[in-house]
Structure formats: structure tokens, C-alpha cells
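Listed here are the chains, written in short residue letters.
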Amino acid sequence: MKPKVWHIWVAMICLFSGMLMAWQFQLSNASKALATERKGDSLISFIEDMEKSTADLEEEIGVLRSLIDDLQNKQVSGQDEMTNLQEELNLIKGLAGMVEVTGPGITIILDDNVAGAEAAKGQPGYKPERYIIHDKYVLYMVNEVKRAGAEAIAVNGQRIVTPSDIRCVGTVILVNSTRLAPPYIIQAIGNPEQLEQAILNGVEFPSLKAMDFPVKLTRESSITLPPYKGSYVQNHSQPVKEGR
Amino acid sequence: MARKSQPRHRWQIPVTIVLLATGLLLSVQFRTQQVLLNDLSMLKTEELVTIWKNLNEKRAKLEGEIVELRRQQRVLEDKSSAGMVAISEIQSNLNRLKTSTGLVPVKGPGITITITGDSPLLYLDLVDIVNELWASGAEAVAVNDHRVTAHTYFGDIEENETLYVTVDGERLLYPVVIKAIGDPNTLEKGLTFPGGIIDNMNTLYAIFPDIRQKQELLLPAVKTPPVWFYAAPKSGTAPATAQAPVTSPAGGPGFGATPGPAGPGQ
């Protein structure tokens, strides 16, 4: 029987399959051999351990990164709050007289009537207290300067704030518990014309003038008042939250 | 034709089977090969060492990264806790100043001074009393629930031939009640010592104020927070918004660089 073409084909395919099977067998044998040979090989377990630990590390890095993101976001909002608070604090500090202020206004100078005292000395009925500026004159003058619309006031460099007191010990005038000496210079920031008119047509300035005290008032285009250097004591008072 | 097709049918079956088997074998072969390629045990020792070295380097880098991230985390946490401290410090400072400047209501122990309508009271007496209260350590003062601040002034107006005492231009109705927060004893002693202000008022002006110590007083906030049109805080400490008249969101205090319509009413 003469071999046909398909016989050749089948033979070739069989041959190829046989080769494949042989290779397959060899491979699986070899792998078994290798596996047994390297069973105790620590290198592989090293590598496997290391792969596990690097995966753990990567996970930890992920967690840390999100933590840091959170912190940074918080910080940004904290900074916003901080800026707002600081702005508010600056504003309140200004109103509390804790910041130097500049502006137009007036200067009032009250001085003892030295000339009058000299002339009256030795004469009968001489009363030295009639020729000196008393704490009340300064106190009432400051009240009138406030009434005239002053925004900020200082007496001999002592800023007038809410708890400021003006009094005397003997012949010495104290403002904010600081000793002052004549002449007493009251500086006020505000509308110069308005302040001047109110003071000149008020009570205190004309009456001191009538008593022959050397008093002076000048308009100022720009004066600078120092900050209040004292403290705001709060041992008994508690702020009350407004219903907001 | 029918005869010829018969043998062709016969050989097609074995060929099909053989081809199928070959295909199966091929796929199995391929898979085995893949598994073997992925299995470390199939690698040579030098290759394993290379992998190990790479992993070692990678791990060192990751550990370095973690150290750096932990440092960042610590810095941020320190900063944010410092920020919290700073914020609460500013807040308490702010509260103190708001209380002292009369921007918020305030409560505490203190005294009340009541002056009835039959007293020949002058506004200068009120200036004196309030001044004396500050000198005696008062922390907050209000006159007929009108909070006294750095800008508060006393005066008088004549209406229908009657002289009325005013505070910040507002008529005071009798009885005039002055409330002061502070140590009640100190405040009372500051006013009532012999030769003191109350003594003088009694003997010189026949005004007999009634002083009472109180455990709890409530003083209101100022009605209109001050707004400055002429006074400007020195730059550097000034708020960033000092360019134009500014009022705080709640219609609160502010500074302005341009003159306003008018000063406080007289």
C-alpha cells in the first residue's frame, strides 16, 4: 500500500506530540528536583519575607500620607481662624488704647498761675491753692473733651482709657496712678474745629481763664498719642456671652 | 464520487483526534512553563540574590520615607497644638479686652450707688463718683444701665426750665443707679472713708447716695461701639483694613480714615 499524503501529516503531528510530551515530562521532573534541592534554601524565604514586609511598609506609608494631609488641612483652617482673631484683636487693642494713635486734634495746656501767686504772696488772705491746677480741673476738662467728641485723649502722655482715674495726693496729680507735673498737656484726637469750638464755648476752659490761669488751646493737624501702658484688671468681672 | 469520499472520511477522524490532543498538550505545556517561570525555585541563585538585593534597597527606601513622614507628622502635630494654644491665648486676651472696653456684657460682685430724684445732683458729681470708682479698683461701671467706657461723658441739658443730667447725651432718669463691678468692700471703702467723696456729698451738697454691696451684678454692653474717623492706629499694629471707614461684621467698632458725618451728638 502506497503511503498517502495524510499519512505523512499524521506521522509528523504524532512525532511533534511525542516531543512535546517528552519535554513536559522532563520539565516537571526538573522542577521537582529543583524544589527538593532548594527546599532548605533560606534565600527564597528571605525574599518572600521581604516582599511581605515591603508591602506592609507601603501600606504604612499610605496611612501616614493621609494623616499628614488631614493635619495640613486642619492647619490651614487654623491659620485662617488665627488671622481673623488677630485682626479682631488688633481692632480691639486700638479701641482699648493699647496702640499708639495718630490724627488731627487739639492740645490744651493748663498751667499753675505762677505769676498770680508771686503777685499775691505776702498780701493778706493769700491762698496758694487758688493758684495751682487741681486734679478736678483736669478731670472735668477731660470729661468736656470727651463731650466735645474726642476719639482718643492723653494727659501728659498718659492715655485716657476706660478705667483711667485722675486724682491727687497732696499737690501731686496722678493719672493712671502715674505722677504728673505741671503744665498739664491734654491732647485729643478728633475734628480740630469741633473740639476747639466745644472747649472754648464750654465750662471749664473759660472758667480757668477767668481765674487767670495761663491756659492755651491749639489746633493740631497731626498729633500722636502713646498707648496705654497699664493693665486691665479682671479679678471680679466675667464676660457674659451675648445671645448669638 | 461517493466511493471516493468514503476513505477521506476515514482519515479525517484520526487526524482530528491527533490535532486535538496536540492542542491540549500545547496549552498544558504553556501553563507549566508559566508556573515554572513565576516560581522562585526555578531561578538561579545569582538571580535570587539580585532580587533579594533589589528588595533590600526598596525596603531601605521605604523605611527612609516612613522616617521622613513620621517627622513631618510630628512637626505638624506640634504646630497644630501650638496653634491651638496660640488661638486660645488670643481668644482669652480678646475676651479680656472686650470686657474691659465694654463691648460685651459683664457680671460679677460689686456695689450699687443709688441717688434719688430729690438730690441736687450735678453731672460733675457723676464724673467724680465714676472717677472715684475707677480709683477704688472698679473693673466695670454702668450708670442707669449705660456702660461707662473711655468715651463716656457726662453733661446736662435744660428742658422746660429743668436741668437734666445726661450720660453720652442721653437724659438720666431718677433714681440714678450706678453699678460697679469689683471687690465690694474695697469699692465701698473707697467712696465712704471720712473726707471721701460720699462724705463730701453728704456735708457739702446734701446728696445722700445709698450704697449697697451686691454678690452679683450684670452690666450691659455699650449700645454703640465707638467708630473712629480721625484717630488712626499707627501702622504695623493697625488692622489691615484701615483704608476706609470700617465696621466689624456685627456693626461693631471700627476705624476710619475719612471724617464721618458728625461726632457724637451734644
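I will try to describe carefully the structure that is included in this document. Note that the coordinates shown come from a computational prediction; the quantities given were computed from them, not determined experimentally.

Turning to the packing of aromatic side chains, a few remarks are in order. Applying the stated rule across the entire model yields three aromatic pairs over all chains. On the numbers, 5.8 Å between centres and 65 degrees between planes, the contact of Tyr137 of chain A with Phe213 of chain A is edge-to-face. Of this pair, Tyr137 of chain A sits in helix 4 (residues 135-147) while Phe213 of chain A sits in the loop between helix 6 (204-210) and strand 8 (216-225), and the two are 76 residues apart along the sequence. The same class applies to Tyr137 of chain A as to Phe213 of chain A, namely buried. On the numbers, 5.4 Å between centres and 65 degrees between planes, the contact of Tyr228 of chain A with Tyr232 of chain A is edge-to-face. The same class applies to Tyr228 of chain A as to Tyr232 of chain A, namely buried. Above the face of the Tyr131 of chain A ring, Arg130 of chain A is positioned so that its terminal group lies 5.8 Å from the ring centre. The ring of Tyr164 of chain B is capped by Arg171 of chain B, whose NZ or CZ atom sits 3.8 Å from the centre of that ring.

Before going further, it helps to examine a nonpolar patch on the surface. Residue and element names in this part refer to chain A. Among the surface-exposed residues, Val5, Ile8, Trp9 and Met12 lie close enough to one another that they form a single nonpolar patch of about 460 Å² accessible area. Looking at the element boundaries, Trp9 is found in helix 1 (residues 5-37). In this structure Trp9 comes out as exposed when scored by relative accessible area, which is 52%.

For the rest of this paragraph, the subject is the packing of helix 4 of chain A against helix 3 (residues 123-135) of chain B. In the contact formed by helix 4 of chain A and helix 3 of chain B, the axes pass within 11 Å of each other and the chain directions differ by 105 degrees. As the angle between them shows, helix 4 of chain A and helix 3 of chain B are arranged roughly perpendicular. Only Tyr123, Leu124, Val127, Asp128 and Asn131 of chain B of helix 3 of chain B make contact with helix 4 of chain A, whose side of the interface consists of Lys136, Leu139, Tyr140, Asn143, Glu144 and Arg147 of chain A. In terms of residue class, the contact of helix 4 of chain A with helix 3 of chain B is built from five nonpolar, two polar and four charged.

Next up on the list: unusual backbone geometry. It is generally the case that most residues other than glycine have a negative phi and that most peptide bonds are trans. The linkage connecting Pro182 of chain A with the following residue, Pro183 of chain A, adopts the cis geometry, with an omega of 0 degrees. Within the element layout of this structure, Pro183 of chain A appears in the loop between strand 6 (178-180) and strand 7 (184-189). Residue Pro175 of chain B is bonded to the preceding Tyr174 of chain B through a cis peptide linkage, with omega at -5 degrees. Its identity as a non-glycine residue notwithstanding, Asp145 of chain B has a phi of 60 degrees, on the positive side. Structurally, Asp145 of chain B can be placed in the loop between strand 2 (140-143) and strand 3 (146-147).

We now examine the sheet that holds strand 4 (residues 166-169) of chain A. Backbone hydrogen bonds are what pair the strands of a sheet, in a parallel or an antiparallel way. Residues and elements named next belong to chain A. Sheet architecture is open: three strands sit in the order 4-5-6, paired in antiparallel fashion. Each edge of the open sheet is held by one strand with a lone partner, namely strand 4 and strand 6. Adjacent strand axes in the sheet meet at a mean angle of 40 degrees, parallel and antiparallel pairs treated alike. Sheet topology places strand 4 next to strand 5 (residues 172-175); four bridges connect them, and they run antiparallel. The residue bridging Cys168 from the neighbouring strand is Ile173, located in strand 5.

All right, on to the interface of chain B and chain A then. Every contact between the two is made by 99 residues of chain B and, on the other side, 94 residues of chain A. Summing both partners gives a buried area of about 9,200 Å² for chain B against chain A, and 67% of it is carried by carbon and sulfur. Counting across the chain B and chain A interface gives six salt bridges. Notably, a salt bridge pairs Glu58 of chain A with Lys58 of chain B, separated by 3.2 Å at the nearest N-O pair. For the pair chain B and chain A, the interface holds 28 residue pairs in polar contact (both at pLDDT 80 or more).

Criteria and thresholds
Residues numbered from 1 in each chain as written. Chains lettered and ligands numbered in written order. Predicted model: local features only at pLDDT ≥ 70, side-chain atom pairs only at ≥ 80, totals over all residues. Heavy atoms only, no water. Phe/Tyr/Trp six-rings, centres within 6.5 Å; stacked < 30°, edge-to-face > 60°. Helix = DSSP H or I, 4+ residues; strand = E, 2+ residues; numbered from the N terminus. Buried < 20%, exposed > 50% of the residue type's maximum accessible area, 1.4 Å probe, protein only. Lys NZ or Arg CZ within 6 Å of the ring centre and 35° of its normal. Patch = residues over 30% accessible without salt bridge, like charges linked within 9 Å, V, L, I, M, F, W, Y side chains within 5 Å. Areas by Shrake-Rupley, 256 points an atom, 1.4 Å probe, with all protein chains shown as cover. Salt bridge = Lys/Arg side-chain N within 4 Å of Asp/Glu carboxyl O. Axes fitted to C-alpha atoms, helices over the stretch in contact; angles between N-to-C directions. Parallel < 35°, antiparallel > 145°, perpendicular 65-115°, else oblique. Contact = heavy atoms within 4.5 Å. Nonpolar A, V, L, I, M, F, W, Y, C, P; charged D, E, K, R; others polar. Pairing = 2+ DSSP bridges. Buried area = accessible area lost by both parts, 1.4 Å probe. Polar contact = N/O pair within 3.5 Å; in protein donor to acceptor, adjacent residues only side chain to side chain.

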